[in-house]
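# Structural characterization, general
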Amino acid sequence: MLVYIARRVLLMIPTIFLISIISFVAIQLPPGDFMTSYVAGLRTMGENIEQEAIDNLRERYGLGQPVYVQYIKWISGIILRGDWGQSMEWQKPVKDLIGERILLTVVLSLVSLLVSWFIAIPIGVYSATHQYSILDYVMSIISFIGVGVPGFLLALIIMYFAQTRLNLNVGGLFSQEYINAPWSVERVIDMLKHLWIPVLILAVEGTAGGIRTTRANLLDELNKPYVELARAKGLSEWKLIWKYPVRIALNPFFSTVGWSLASLISGATLISVVLSLQTTGPMQLRALTSQDMYLAGSFLLILSVLTVIGTLISDILLAWVDPRIRLEK
Amino acid sequence: MTDARPIPDQTPTPDQVESQALDDEILSGGENVYVAPPWKLMWWRFRKHKMAMVSAVILILFYFTAIFCEFVAPYDPDASFIQYKYAPPTKIHIRDAEGNFRAPFIYQTQRGIDPQTLQIGYVEDTTTRYTIRFFVPGFEYKLLGLIPTNIHLFGVPEAGEKQGVFLFGADRLGRDMFSRIAYGARLSLSLGLVGVFISLVLGVILGGISGYFGGWVDTLVQRTIEFIRTIPTIPLWMTLSAALPVDWPITRVYFGITVILSLVGWTFMARVVRGRFLAMREEDFVLAARLNGATEMRIILRHMVPSFLSYIIAALTLAIPGMILAETGLSFLGLGLRPPAISWGVLLQEAMNLRSLVLSPWVLTPGFAVVISVLAFNFVGDGLRDAADPYAR
């Protein structure tokens, strides 16, 4: 088992290296050298910045030097000193800005993942065991709607009804008094009160695919001889279904957890912008539109690395459950 | 060597019963299933999938609208009728105030104060009627960019300033939503096709190489695909499209966005192509071709590609909705196409403004156009997938 984990962790390193390169390229993509526009921006606002300070910043990011030197300076700053660079727009170090937002994005995505499984698995099992029943058709239609209606449109519709019918503002993750408050039990409770709407929207998107996967896989399993045998031996139908075929049918769920996470984070980004949640989405969007590239690049880097780590955890869990995987070369 | 194939089981599986029933039905219609070419068998299969047939018709209508949007739209999408700001969808009547049935018409509608709620709204004046006509003259345009004309599919003979017919209402500048959606279809729907085409070219080349040669090439391509798919798409697309220069003209932004979307899209195509290649590499007819001394290129292009073309078409159809959704999402965030370009995503930006959304919920109609086209593509794709292999039993 340890060998398996070690091998997986080693395999992760090149992936993360590639991700860091892509994020770095993203930081470099906007035309021109961001320091020049930063200084120009400050000057038009009437602020004076000392030449020495500019030179210091240029030195820190290695501007004017070859690209690989800039990359090494940037990545070693992150790894060795936890220095993610400076946000030009907020005038703060990036790491002070992103911590809480990353945490909230992770919470939102993970909760949505669990909720979507919680909804999708029973429905998928029901649809498979009661194939061609009326409920099976109803579920299929619902899951098609889940595929077709983008989350942000759903968010807009919910916002419209909350605003006009209930006179409720559903935006945000916290009530007014908790937005800038330090973390406390009350703040967490307040967050949970706001969290359910985005979680539900995200879960609906994920559920649709989940139902179809469970149904298709379980239908394949149900015709296998071992199911027949168990039935012949007089095992109760409930136990028979849940104990054997369902477990096998759910394997693909866990093995694609990384992709589900990636798509949840994607969906969360859009929904967060609509509902103005305090997650990474709105801040990344703003950073991109104002070309605050260190901030924007850091988001891309962290979110991708988190997905990779999520995949790693799911692989380890899968190997722990299924000996065939960990013994395979 | 003797034929080692097992003797087929005498009891047919449910699938066989179904396809037998299909054959019977086709035969009874006087159509001979045994001499029909593959495309005919596919069509017969596809025809059985009711939702796919309905969806195919919807898609044809949508693409007709996209191609002839100037003709379908009653008004210039940028013309703003200030007296119709936030006007709700115009009610179309077939029964007048006296209770007589007439050809579809609209009443003169004007901004006024609702006598009951005392709110500013639009009230109908039941004394003035305008009959809706087909092929009415309107703004000048060139059909297909060639033929100058001013005929539009429908409308009222009066100018928009006097009395407009707004099927889906008007936005905050008094622009006709229906006309804007019709124009938006052109960019949104074509972007899906172009994006999928680029993905296909990349996917077929890389997936084909991967599946055909196997070994380390395969591993490399597969790792690349896995890598690309671990990056959350929206943050990646956002970052890349934010890097497109702001001063680019619409057409360049359009192709820029398409290429960005395809950078992820090809991975899905490559998977499908690789899967088919792997399955087909072992087929007897490929071995036969090789023994006959055919070159690798010829084996691929003449023998393998034709036999998995239908799978590719099905997979392509299923990939288009993803592209449409992605474009809509990006443009909605303001990072994709930008006004003055009109796409469904650009139109949805209007809904970001809470005031617009509450005063005129019909700004969401472009969203429903997206949903309908996405669902339609999914159903057609499902139908095509089922029909893809007409010899499957």
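Quantities reported herein were computed from a predicted structural model and do not represent experimental measurements.

As a further point, take the overall build of chain B. In terms of helices and strands, chain B carries 13 helices and five strands. Contacts in chain B between residues far apart in sequence, at least 24 positions, make up 70% of those at least 6 positions apart.

Below, the discussion takes up the overall build of chain A. Tallying secondary structure elements over chain A gives 16 helices and two strands in all. Counting every position in chain A, which comprises 329 residues, the buried fraction comes to 34%. Contacts in chain A between residues far apart in sequence, at least 24 positions, make up 71% of those at least 6 positions apart.

This part covers the domain arrangement of chain B. Residues and elements named next belong to chain B. Looking at the assigned domains, one finds that chain B contains domain 1 (86-169) and domain 2 (179-387). The distance between the C-alpha centroids of domain 1 and domain 2 comes to 39 Å. Residue-level contacts link five residues of domain 1 with five residues of domain 2. Across the side of domain 1 that touches domain 2, the residue classes tally to four nonpolar, one polar and no charged.

Residues and elements named next belong to chain A. Looking at the assigned domains, one finds that chain A contains domain 1 (2-93) and domain 2 (100-326). With 20 residues of domain 1 in contact, the opposing surface of domain 2 contributes 20 residues. Only α1 (2-28) and β1 (86-87) provide two or more residues apiece to the side of domain 1 that touches domain 2. With 12 residues, α1 is the largest single contributor of residues to the side of domain 1 that touches domain 2.

This brings us to the pairing of strand β5 (residues 147-155) of chain B. All names here are of chain B. Of the strand pairs in this sheet, strand β4 (residues 133-143) and β5 are connected by seven bridges, and their pairing is antiparallel. Among the inter-strand pairings, Pro137 is bridged to a residue of β5, identified as Ile151. Between the end of β4 and the start of β5, which pair antiparallel, lie three residues, with Leu144 showing a positive phi angle near 55 degrees.

What follows is about helix α9 (residues 225-232) of chain A. Of all eight residues in α9(A), zero are buried, a share of ten percent or less. Directly after α9(A), the chain includes Gly234(A), whose backbone phi takes a positive value near 90 degrees.

For the rest of this paragraph, the subject is the nonpolar core. Of all hydrophobic cores here, the largest spans 156 residues; its most connected members are Ala155(A), Ile271(A), Val274(A), Trp237(B) and Met269(B). With 14 residues, the single largest contributor to this core is helix α10 (residues 296-333) of chain B.

Counting residues at the interface gives 40 residues for chain A and 33 residues for chain B. Among the secondary structure elements, those contributing two or more residues to the side of chain A that touches chain B are α1, α6 (134-148), α7 (151-164), α13 (257-275), α14 (280-289) and α15 (293-321) of chain A. Residue composition of the side of chain A that touches chain B, grouped by class: 28 nonpolar, 12 polar and no charged.

Taken together, the two bridges between strand β1 (residues 93-95) of chain B and strand β2 (residues 101-113) of chain B define a ladder with antiparallel strand orientation. By the bridge assignment, His93(B) is partnered in β2(B) with Phe105(B).

Residue and element names in this part refer to chain B. One can find Ala341 in the loop between α10 and α11 (344-352). In this structure Ala341 comes out as partly exposed when scored by C-beta crowding, with 18 C-beta atoms within 10 Å. Separated by 277 residues in the primary sequence, Ala341 and Phe64 place their C-alpha atoms 20 Å from one another. The contact partners of Ala341, leaving out residues within four places of it in the chain, are Leu187, Ile250 and Val346.

Before going further, it helps to spend a moment on the environment of Trp84(A). All names here are of chain A. By the element assignment, Trp84 lies in the loop between α4 (67-81) and β1. Taking the C-alpha atoms as reference points, Trp84 and Leu303, 219 residues apart in sequence, are found 14 Å from one another. For Trp84, the residues in contact, after removing those within four places along its chain, are Ile78, Pro93, Val94, Lys95, Tyr294 and Ser298.

Residue and element names in this part refer to chain B. Viewed as axis vectors pointing N to C, helix α7 (residues 233-242) and α10 meet at an angle of 55 degrees, and their least axial separation amounts to 11 Å. By the angle between their axes, α7 is oblique relative to α10. Between α7 and α10 the crossing geometry is right-handed. Facing Ile234, Trp237, Met238 and Ser241 of α7, the residues of α10 in contact are Ala326, Gly329, Leu330 and Leu333. The class makeup of the residues in the contact of α7 with α10 is six nonpolar, two polar and no charged.

Here we come to the packing of α14(A) against α15(A). Residue and element names in this part refer to chain A. The contact between α14 and α15 brings their axes to 8 Å, and the two run at 140 degrees. Relative to α15, the element α14 lies oblique. In terms of crossing hand, the pair formed by α14 and α15 is left-handed. In this structure, α14 uses Thr280, Gln284, Ala287 and Leu288 to contact α15, whose residues at the interface are Leu295, Ala296, Phe299 and Leu303. Its residues assigned to classes, the contact of α14 with α15 shows six nonpolar, two polar and no charged.

Residues and elements named next belong to chain B. Of the residues in chain B, 86% reach a pLDDT of 70 or more, and the chain-wide mean stands at 77. Looking at the elements of chain B, mean pLDDT is at its lowest for helix α1 (residues 14-28), recorded as 51, and at its highest for helix α3 (residues 50-67), recorded as 87. Long-range and interchain partners of residues 1-14, a stretch whose pLDDT sits below 50, account for two contacts in this model, where long-range means more than four residues apart. Listed scores for the predicted complex are pTM 0.80 and ipTM 0.79.

With that settled, the discussion passes to unusual backbone geometry. Negative phi values dominate among residues other than glycine, just as trans dominates among peptide bonds. A cis amide bond links Pro339(B) to the next residue, Pro340(B), at an omega of 10 degrees. Tracing the backbone shows Pro340(B) in the loop between α10 and α11. One non-glycine residue, Ser276(A), lies in the positive phi region at around 35 degrees.

Cut-offs used in this document
- Residues numbered from 1 in each chain as written.
- Chains lettered and ligands numbered in written order.
- Predicted model: local features only at pLDDT ≥ 70, side-chain atom pairs only at ≥ 80, totals over all residues.
- Helix = DSSP H or I, 4+ residues; strand = E, 2+ residues; numbered from the N terminus.
- Contact = placed C-beta atoms within 7 Å.
- Buried ≥ 20, exposed ≤ 12 C-beta atoms within 10 Å, placed from the backbone.
- Domains from an automatic or database assignment.
- Nonpolar A, V, L, I, M, F, W, Y, C, P; charged D, E, K, R; others polar.
- Pairing = 2+ DSSP bridges.
- Core = buried A, V, L, I, M, F, W, Y, C linked by C-beta atoms within 7 Å.
- Axes fitted to C-alpha atoms, helices over the stretch in contact; angles between N-to-C directions.
- Parallel < 35°, antiparallel > 145°, perpendicular 65-115°, else oblique.
- Left-handed = near helix turned anticlockwise from the far one by under 90°.
- pLDDT = per-residue confidence, 0-100.

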